[in-house]
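For reference, the chains in residue letters:
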Amino acid sequence: MRVMVGGTFDPLHAGHRKLLSRSFELAGPDGEVIIGLTTDEFAGAKVHPVHSYQERLATVASFIKERGYTATWTVIPLSDRYGSALDADFEILVVSEETFPVAVEINELRRERGKRKVDLHEISCVLAEDGRRISSTRIYRGEIDRHGRLIR
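Definitions and cut-offs
Residues numbered from 1 in each chain as written. Predicted model: local features only at pLDDT ≥ 70, side-chain atom pairs only at ≥ 80, totals over all residues. Heavy atoms only, no water. Pairing = 2+ DSSP bridges. Helix = DSSP H or I, 4+ residues; strand = E, 2+ residues; numbered from the N terminus. Axes fitted to C-alpha atoms, helices over the stretch in contact; angles between N-to-C directions. Contact = heavy atoms within 4.5 Å. Core = buried A, V, L, I, M, F, W, Y, C linked by side-chain atoms within 4.5 Å. Buried < 20%, exposed > 50% of the residue type's maximum accessible area, 1.4 Å probe, protein only.

Chemist: What exactly am I supposed to notice about the sheet that holds strand β3 (residues 72-78) here?
Modeler: Working definition: the strands of a sheet are paired by backbone hydrogen bonds and lie parallel or antiparallel to each other. Pairing within the open sheet is parallel, and its five strands lie in the order β3-β2-β1-β4-β5. This sheet does not close on itself; its edge strands, each paired only once, are β3 and β5 (119-123). The mean angle between the axes of side-by-side strands here comes to 25°, regardless of whether they run parallel or antiparallel. When strand β1 (residues 2-7) meets strand β2 (residues 32-38), the two strands line up parallel, connected through six bridges. Within β2, the residue paired with Val-3 across the bridge is Val-33. Sitting on the sheet, helix α1 (residues 14-27) is in contact with β1, β2, β3, β4 (92-96) and β5, with an inclination near 170° to β1.

Chemist: Before we go on, may I ask you to explain the nonpolar core in this structure?
Modeler: Proteins that are soluble and globular tend to have nonpolar side chains buried together. Counting 21 residues, the largest nonpolar core has Val-5, Phe-9, Leu-20, Ile-35 and Val-94 as the members making the most contacts within it. Ranked by the residues each element gives to this core, the list is headed by α1, at five residues. Residue contacts for Val-94: discarding those within four places in its chain leaves Val-3, Met-4, Val-5, Leu-19, Ser-23, Leu-26, His-121 and Ile-123. If you look at the next biggest cluster of nonpolar residues, it comprises 13 residues, including Ile-34, Tyr-82, Ala-85 and Leu-93.

Chemist: In this structure, what is going on with the side chain of Arg-138? I would like to understand it.
Modeler: Position of Arg-138 among the secondary structure elements: in helix α5 (residues 136-140). Ignoring sequence-local partners within four residues, the contact set of Arg-138 consists of Ala-128, Asp-130, Arg-132, Arg-133, Glu-143, Ile-144 and Leu-150.

This is the structure in structure tokens:
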């Protein structure tokens, strides 16, 4: 299987880890995962500070190596909400609940371009101790840590 996933992945929290892990599970040991990593310019639109592309790339690569996945993987720059997903040849797009509407748009735009529709695999958000979603914004605000534990 050839799987695509995308994000800023900063800081790499439990929700991101779930998203990446599921992508590798769906690809299988002999599959391929294409990771769209937001460029510094695109990530700059966030409401909180974001580490550089190179730092985020190193963090994602460390996570993948730490998990020991055997699928082939590639990280490509993601400079807009669609990236190469409109034209690339792949079978599955893995997204969070929050980005599912963008995935639906991607399939609509692929159809308009005469491309095959891809399967959409939606990952539920990981909840923090307080029952609210883990998010990079909450981490940067100092509300929770990367695992969703409340910071008191």
